[in-house]
Each structure stands twice: as C-alpha cells, then as structure tokens.
Amino acid sequence: MCGLIAVSGTVDSAFEVFVGLANLQHRGQDGAGIVSVDDKRTGGFHLQKGSGLVENVFSERTFKNLKGTAAVGHSRYATIGRDDPNLLQPFLDYQLGIGLGHNGNIVNFYALKQEQFPELKLQSDSDLILRILGKGLENKELNAENIFASIRQCMDLLVGSYSVVCVTKNGDIFGFRDPHGIRPLVFGTKVNEAGENVRALASETVALDFLGYENLVEVAAGEGIFVGRDGTVERKMLKENSPAPCMFEWVYFARVESELTGITVYDARFRLGVLLAERIREEKIEADIVVPVPETSRISAVALAETLGLPFRELLIKNRYINRTFILDGQESRQEAVRRKLFPIASEFAGKRCLIVDDSIVRGNTAKQIVKLVRQAGAREVILVSSCPQIAHPCYYGIDFPNPEELVANSRSDVQIAEELGADRVVFQSIEGLKIALKQPSLCTGCLTGTYPTSVLAGKGFSDMREKDRELTPVKKKNC
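Only a predicted model underlies this, so the values are computations on that prediction, with no experimental measurement involved. (Residues numbered from 1 in each chain as written. Predicted model: local features only at pLDDT ≥ 70, side-chain atom pairs only at ≥ 80, totals over all residues. Heavy atoms only, no water.)

1. Things to note about the nonpolar core
Then comes step 1: Core analysis: the largest hydrophobic core is formed by 38 residues, its most contacted members being M247, F248, I391 and L438.
Then comes step 2: Elements with a contribution of two residues or more to this core: helix 8 (248-253), helix 9 (265-282), helix 15 (431-438) and helix 16 (446-449).
Then comes step 3: Element by element, the count of residues in this core is highest for helix 8, at five residues.
Then comes step 4: Core analysis: the second largest hydrophobic core is formed by 30 residues, I129, L130, L137 and C154 among them. (Core = buried A, V, L, I, M, F, W, Y, C linked by side-chain atoms within 4.5 Å. Buried < 20%, exposed > 50% of the residue type's maximum accessible area, 1.4 Å probe, protein only. Helix = DSSP H or I, 4+ residues; strand = E, 2+ residues; numbered from the N terminus.)

2. Observations concerning helix 15
Helical geometry: 3.6 residues make up each α-helical turn, so side chains three or four residues apart lie on a common side.
Then comes step 1: Along helix 15, the positions that sit buried rather than exposed are G433, L434, A437 and L438. Burial along helix 15 is one-sided: seen end-on, the buried residues are contained in an arc of 120°.
Then comes step 2: On its buried face, helix 15 is in contact with helix 8, strand 15 (263-264), helix 9 and helix 16.
Then comes step 3: One or two residues past the end of helix 15 sits K439, with phi positive at roughly 55°. (Arc of directions from axis to C-beta. Contact = heavy atoms within 4.5 Å.)

3. Remarks on the confidence of the model for the chain
Then comes step 1: Per-residue confidence for the chain gives a mean pLDDT of 91; residues scoring 70 or more make up 90%.
Then comes step 2: pLDDT under 50 marks residues 474-480. Its contacts with residues more than four places away, or in other chains, come to seven contacts. (pLDDT = per-residue confidence, 0-100.)

4. Quick notes on the sheet that holds strand 7 (residues 163-168)
Then comes step 1: If you trace the six strands from one edge of the open sheet to the other, you get 5-6-7-8-12-13, paired in antiparallel fashion. Only two strands of the sheet have a single partner each, and these edge strands are strand 5 (91-93) and strand 13 (233-237). The mean angle between the axes of side-by-side strands here comes to 15°, regardless of whether they run parallel or antiparallel.
Then comes step 2: Here strand 5 runs beside strand 6 (residues 98-103); their pairing, made up of three bridges, is antiparallel. If you follow F91 over to strand 6, its bridge partner there is L100.
Then comes step 3: Packing of helix 5 (residues 125-137) onto the sheet brings it into contact with strand 5, strand 6, strand 7 and strand 8 (173-177), and relative to strand 6 it is tilted by some 135°. (Pairing = 2+ DSSP bridges. Axes fitted to C-alpha atoms, helices over the stretch in contact; angles between N-to-C directions.)

5. Structural notes on the sheet that holds strand 19 (residues 353-358)
Then comes step 1: One open sheet holds the four strands; their spatial order is 16-19-20-21, and the pairing between them is parallel. A strand with exactly one partner marks an edge of an open sheet, and here the two such strands are strand 16 (289-292) and strand 21 (425-428). The mean angle between the axes of side-by-side strands here comes to 25°, regardless of whether they run parallel or antiparallel.
Then comes step 2: With four bridges connecting them, strand 20 (residues 381-386) and strand 21 associate as parallel partners. Opposite S386, over in strand 21, you have F428 as the bridge partner.
Then comes step 3: Of the strands in this sheet, strand 20 and strand 21 touch helix 14 (residues 414-421), which is tilted by about 125° from strand 21.

Pasting the structure below:
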C-alpha cells in the first residue's frame, strides 16, 4: 500500500515530491526515499532514503543535494522484510539509468525471480520489476516507444498488483498500472508561479491537489504513461484490462480527501454509513449513542447516526502521536499501540447502549481492545459495527494479512466473532451494500469472498516469508 509520486518539469521537483510524500504518509510509515535527476552532473542521479516518517528522513539540507528537474519518491509499507533498510525505495539502476518506485505485490515473485534471474538473490518484487524493465531496455534508447515495449513485456510476466513510477537519467518520468488497476495511480499538470510546465504522477489525488495540480486523471488499468523532459505526454494501453480496484482503498487506506475512479472517498464512506443504518434498522437493534473509532470510520459513523436519528459522540480520544496500528508488525505491537492510542471518556459511556463504528475488523486486535475499554468505562451494551464486510481471506496484493489464520472472521460466524471480541453483537456491511456504496462495476473483493482477479496459487509464499520476518525481528517494546 506504499505511497508514490513522480514530478517532472521544475527545479523544485525533489521538494514537490517531499511535500507529496508527506500527504501520502498514511500509505506507509516504515521508510521513505527520493531520487532526483540532475542533467548538470555526471552520473545524473541524487538519492536519499531512510527508515521512519517522511519528515524525519529529509531535512532542509536534503534539497540542496537533491537537485534536478525530475524526481521520484516512495513511502514504504512493508509486507516482506520490514526492518531491512536495503528494501527502501526508490530502487536505482545506474547502468540502466532508471529509478523506480512500486506499490503492490507480485504474487508470482518467487517463481519469476528463479525463472528470470536465478543467479541473483533478489529480496524485493520491486527490484524484480526494475530488472525485467532493464532486460527489455538493454542497449536501447530510453524513449517512449522502447519503454512502452519493455513495460508490455513486464505485464506479460507479472501476476499481481503494481502501480509503478520511474525517472530516467534523461529527466523523463513514466508510470504504469497492472491490467486490473488494483492499486491507484493518477496524473496531473500545472503551470507554476515560475511559469514552468510541471507534470506529476501520484498514488492519490490528495497529494496532487495539495500541490496545486489540475486536470487530474487516472492512469487506466493496463496503461503506460511517459512524460518527456520537454513536457510532452504520451499514453498507451499496453495490455487488455479488466479493472478490479481494491475495495480497501475506499474503506480504509486512502485519504478521505482523495478521489478514486471518479468516486470521492468521503462520499463512499458516507454511503457505507447510510447502508449500515438500514441494516441496523432491519435487525431491530436499539442504541443510545454512535461512537466512531478514529479516524477513518468517522464519516460512516456520522452518516449512520444521522440516518438513525441517534446522537453522534466522539468518546474514544486518539493520541495524535500514535500512527496507524493496522500497519504495525506483529500482534503484540499492534495491541500495545491500541492501548496507547485511544482513551475513552468514561462518564459519557456509563449506562449507555453503544454502537461502536469502525471501518473494518481485520485481525480483531483493535476491536477487542476497544470493547474492553468501553466496557471498563461502564457501557451497558457494546455493539461493534463495521462499514466493511467480513474479511475472511488473505490479501496477496499489498495489504499485510497473507495468513488466513490471523483473521478474526476466518471460519467464524458473526455470533462467534462477537464472542471472540467480547462484544454483545457485531454488524457488518454486506458485500452488495459495499458495491452500491463504492459505485464500481467491478472490485477486488478477494479478501471478502476468496475470489481474486488474478491467480493466487503462488500466494502462500508471502505468508511463509512474513512468518520468517517475524521470527527474525522480535517485537521491540518501548517504555512509555
């Protein structure tokens, strides 16, 4: 679920990438990197990356070194090798003359690296993509025609999800998206105050909106886009597509200000709340208050409360300095983070029948801890409400739950889930309701239904590798 941005056409390209990454921080907190291209320097590339949040990786001095009129940035959300700084992106091939950032997971990574590069010990599917591109571009000029041909070869080999942005040694940028469009990618243009014609690619519209880009359009599933150093733009459909964007982008991952496939995240989450209210009415559930789990469930909770005519109350207070718990590594670290992240206003819970609204229930760590907190605060009844249907199957496309045994809804009924979490009841969005709210003709709902848009026969490798990562990287306890 990493964050991507590429900018071309301004001497402030690296700084624009930095600001864009700061607006994509929610997509990855493990590390960040920027590579820029300087046509006034032999070798061309400047690269800086490091572990941690974007604002901690880069400083004012950074932008004195990251010179050039084109740059690519990446914020990392790890699904393999979480603590390995060698896996931070962008990856850079000096000889080829391309820097690359990738969001997604290549399901056939382990088989493909053995087939294509048996002599190399590749640890990252993003590095694999760069090397496949390199094979197709060997001894060729880095122009749009050759790059599109090499991307097409990639698409013929890769199975899984991938949105990719790249910068070339010539100062061009380009990007492409898998034939199912599972991960997002948008393109925008602007004329800045200096009169420069600037072009950019990013994971979400919020990053480009903040930077003042206009005419924002999606890179289509199966499409490649090339932006020349002179500002010319070429777009080409490279593989027959059947779009199936990830439903979790609207439900949880994307910023509420973003727009995906013409549907704003805000509107989608509001409709999810309205449809949840209808389900609660159908089941004749009575309650006194509606309480959101901050932050991503707030819009759905507001809609639910308004539809049911119930008071909306912000009673779980978030410590703003604790980051997203879902994307932390390991059950113990997530549980500890939840305990430090949220604090209930006990006097307002006492004696109340509470609808506790969350965007989704994945492993159940957050939900279990919240139920415990609310009960300790004196709630009379705790009903958990999820704006997402039951997540009962693994994700192989870039969200870190490759093991079905970790999922609280796997092989459990709603009654059993409520019992496991300590709630009086649980209410989930229906899959039909999800599709209505997101207004998509087709979605990737593999984690809900077990039916995926690509083959996932090789997906077991991710679960095995994730377990090895956790064995090699014990949870770091912090004094607090």
